[in-house]
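One-letter residues, chain by chain:
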Amino acid sequence: MNDVTPPTAVCQNITVFLDGAGNASIVASDLDGGSTDNCSGLTFSASQTAFTCADLGPNNVMLTATDGNANSSNCIAVVTVVD
């Protein structure tokens, strides 16, 4: 059977805090708010995972959910960076 149905990407907004050096990082799954697929094995990637002082405030980050058959979908999460 050939699965051609993309997963449903569901994002959640998060807040991250800069460390003493002015850096913060996330992993893509931090943005997952309950994405689903008709098959198992979702993997996630994000358009941005590292943040600095230049990113203070809200940042739109695209989360991509991909299933084991290379079907994917996207959603946008807001990553708020605070000092």
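As the structure is a computational prediction, the values presented were derived from the model and not from experiment.

Colleague: When you look at the state of the cysteines in this model, what are you seeing that I'm missing?
Modeller: Note: disulfide means a covalent bond formed between the sulfur atoms of two cysteine side chains. One pass over the full model with this rule turns up 1 disulfide. With no disulfide of its own, C39 lies closest to C75 among cysteine sulfurs, the gap being 19 Å. Residue C39 is classed as partly exposed on the basis of its relative accessible area, which comes to 33%.

Colleague: Is there a simple way to explain the sheet that holds strand β3 (residues 43-46) in this structure?
Modeller: Two pairing modes exist for strands in a sheet, parallel and antiparallel, and in both the strands are linked by backbone hydrogen bonds. The strand order β1-β6-β5-β3 describes an open sheet built from 4 strands, whose pairing is mixed. Of all strands in the sheet, those bounded by a partner on one side alone are β1 (14-17) and β3. In this sheet, neighbouring strand axes are inclined to one another by 35 degrees on average, regardless of whether the strands run parallel or antiparallel. Pairing analysis gives 4 bridges linking β1 to strand β6 (residues 72-82), with the strands arranged parallel. Paired with T15 across the two strands is T80, which belongs to β6.

Colleague: Sorry if this is basic, but what is going on with the nonpolar core here?
Modeller: Generally speaking, soluble globular proteins have nonpolar side chains that are buried together. Judged by nonpolar contacts, the single largest core of 16 residues is most densely connected at I14, V16, I26, L31, F51, V79 and V81. At the level of secondary structure, the elements contributing two or more residues to this core comprise β1, β5 (57-66) and β6. A per-element tally of this core places β6 first, with 4 residues. Excluding residues within four positions of it along the chain, I14 makes contact with I26, D30, L31, V78, V79 and T80.

Cut-off values and rules
Residues numbered from 1 in each chain as written. Predicted model: local features only at pLDDT ≥ 70, side-chain atom pairs only at ≥ 80, totals over all residues. Heavy atoms only, no water. Disulfide = S-S within 2.5 Å. Buried < 20%, exposed > 50% of the residue type's maximum accessible area, 1.4 Å probe, protein only. Pairing = 2+ DSSP bridges. Helix = DSSP H or I, 4+ residues; strand = E, 2+ residues; numbered from the N terminus. Axes fitted to C-alpha atoms, helices over the stretch in contact; angles between N-to-C directions. Core = buried A, V, L, I, M, F, W, Y, C linked by side-chain atoms within 4.5 Å. Contact = heavy atoms within 4.5 Å.

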